Amino acid sequence: MSIIDGSERQPRRVCVTEVGPRDGLQNEPVVLTTAEKLELIHALVAAGVNAFEITSFVSPRAVPALADAGELVAALRGLDGVHLSALVPNRRGAERALEAGIDAVVMFVSASETHNAKNVNRSVDASLAGFEEVARLLEGSGVELRGAIATSFGCPFEGDLEVAAVGRIARRFADLGVRHVSLGDTTGMATPPLVTERIRHLREVAPEVLPTLHFHNTRGIGLANVMQGLALGVDRYESSIGGLGGCPFAPGASGNIASEDLVYLLDEMGIDSGIDLARMIEAARVATRLMGRDLPGQVSKAGARLTLSDCSAVPTARG
């Protein structure tokens, strides 16, 4: 299969959804306070970020770092032009999200039966059946319904997954009226050929769905996968400030692609994201300070390509 055949058109503008407050923080040993999360989020908004996957309405016992979901959403509701989405595993999670005033609910399920059982203690079909309840609950509420498919490119327990497993779930989402579906690369198993296969399959079985790509950089090719997605015309990506992130229920699930690295790539390709790179680097440094450790993102360390140094401050070789 050809990786790129030129039949798709690279987008001129891309929507970047920041998932740091949710995916970035859910598996960290340091648990940020609500005030610290707000400091980071406001730094991201100042950089031009206007789409967030802000939290997850799951059991606080399962994910203690996100126990303040309702409080966090309530504190952000007054931000003009900022879209807030949150993950929900079931009807109860959707009820809590609705009460908090979220803009969009993201129903999440794994393409892998084993990972879904670990992640939400349900079979894939049980999760999908539960989403029908969520869809009925949200009717007439004005809250958007979205979907997310974890382990879309492979499972740490089962290995390779048939593309049809991803397509079947996307089709079920489409039947519920879902327009945006994220393909999650939970443990960094995506490769450019797999990206091509998944995107083209979704366009065949659920053409009304607009795919979002969510890559982890576990094996170092997260941005290569973004390049492949762009070549296929995909214009929606999820990333995490500083490269934070990981799934507590999947071994080896290291950080997401770093938001500042993604914005740098888009800038250098002449693709508009509406995000200011310099301020994004500042936000990455806020994240580094709050987490108390070095983060995986590269651009926040090196600066933009034309960041220059003072020649007089560098010694000259002798000999």
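Okay, so let's go over this structure. (Residues numbered from 1 in each chain as written. Predicted model: local features only at pLDDT ≥ 70, side-chain atom pairs only at ≥ 80, totals over all residues. Heavy atoms only, no water.)

Some points on the pairing of strand β5 (residues 144-150)
The buried count for β5 comes to six of seven residues, which makes it a mostly enclosed element. Examined bridge by bridge, strand β4 (residues 104-110) and β5 share seven bridges and lie parallel to one another. Each residue of the ladder has a partner; that of Ala 104, found in β5, is Glu 144. Summarising the sheet, β5 and strand β6 (residues 180-184) pair through three bridges and their orientation is parallel. Along β6, the bridge assignment pairs Gly 147 with Val 181. For the crossover from β5 across helix α7 (residues 163-175) to β6, the handedness is right-handed. (Buried < 20%, exposed > 50% of the residue type's maximum accessible area, 1.4 Å probe, protein only. Helix = DSSP H or I, 4+ residues; strand = E, 2+ residues; numbered from the N terminus. Pairing = 2+ DSSP bridges. Right-handed = clockwise from strand over helix to strand, strands pointing away.)

Describing unusual backbone geometry
The backbone phi angle of Asn 121 is positive, close to 60°, even though this residue is not glycine. The topology assignment puts Asn 121 in the loop between α5 (113-120) and α6 (124-138). With a relative accessible area of 69%, Asn 121 lands in the exposed category. In this model, Thr 151 sits at a positive phi of 50°, which is unusual for a non-glycine residue. Checked against the element boundaries, Thr 151 lands in the loop between β5 and α7.

Some points on the side chain of Glu 18
Residue placement: Glu 18 occurs in strand β1 (residues 15-18). At 10 Å, Arg 22 is the nearest oppositely charged side chain to Glu 18, a buried residue that forms no salt bridge. Residues contacting Glu 18, with those up to four places away along its chain left out, are Leu 44, Val 49, Ala 51, Phe 52, Glu 53, Ser 239, Ser 240, Ile 241, Ser 259 and Met 280. (Lys, Arg positive; Asp, Glu negative; His and termini not counted. Salt bridge = Lys/Arg side-chain N within 4 Å of Asp/Glu carboxyl O. Contact = heavy atoms within 4.5 Å.)

Observations regarding the environment of Asp 267
On the secondary structure map, Asp 267 appears in helix α10 (residues 259-268). Here Asp 267 falls in the partly exposed class, since its relative accessible area comes to 35%. Sequence separation between Asp 267 and Pro 60 is 207 residues; the distance between their C-alpha atoms is 38 Å.

Focus: α7
Between its terminal C-alpha atoms α7 stretches 19 Å, which fits the 18 Å expected from 13 residues at 1.5 Å a residue. Of all the positions in α7, only Val 163, Val 166, Gly 167, Ile 169, Ala 170, Phe 173 and Ala 174 are classed as buried. The buried residues of α7 occupy an angular sector of 165° when the element is viewed end-on, so they sit on one face. Of the residues one or two after α7, Gly 177 is the one with positive phi, at around 90°. (Expected span 1.5 Å × (residues − 1). Arc of directions from axis to C-beta.)

What to know about the packing of α10 against helix α11 (residues 277-291)
Interaxial distance between α10 and α11 falls to 9 Å at its minimum, and their mutual angle equals 165°. By the angle between their directions, the pair α10 and α11 is classed as roughly antiparallel. Between α10 and α11 the crossing geometry is left-handed. When α10 is examined against α11, the residues Ser 259, Glu 260, Val 263, Tyr 264 and Asp 267 are found in contact with a partner set consisting of Leu 277, Met 280 and Ala 284. Grouping the constituent residues of the contact of α10 with α11 by class yields five nonpolar, one polar and two charged. (Axes fitted to C-alpha atoms, helices over the stretch in contact; angles between N-to-C directions. Parallel < 35°, antiparallel > 145°, perpendicular 65-115°, else oblique. Left-handed = near helix turned anticlockwise from the far one by under 90°. Nonpolar A, V, L, I, M, F, W, Y, C, P; charged D, E, K, R; others polar.)

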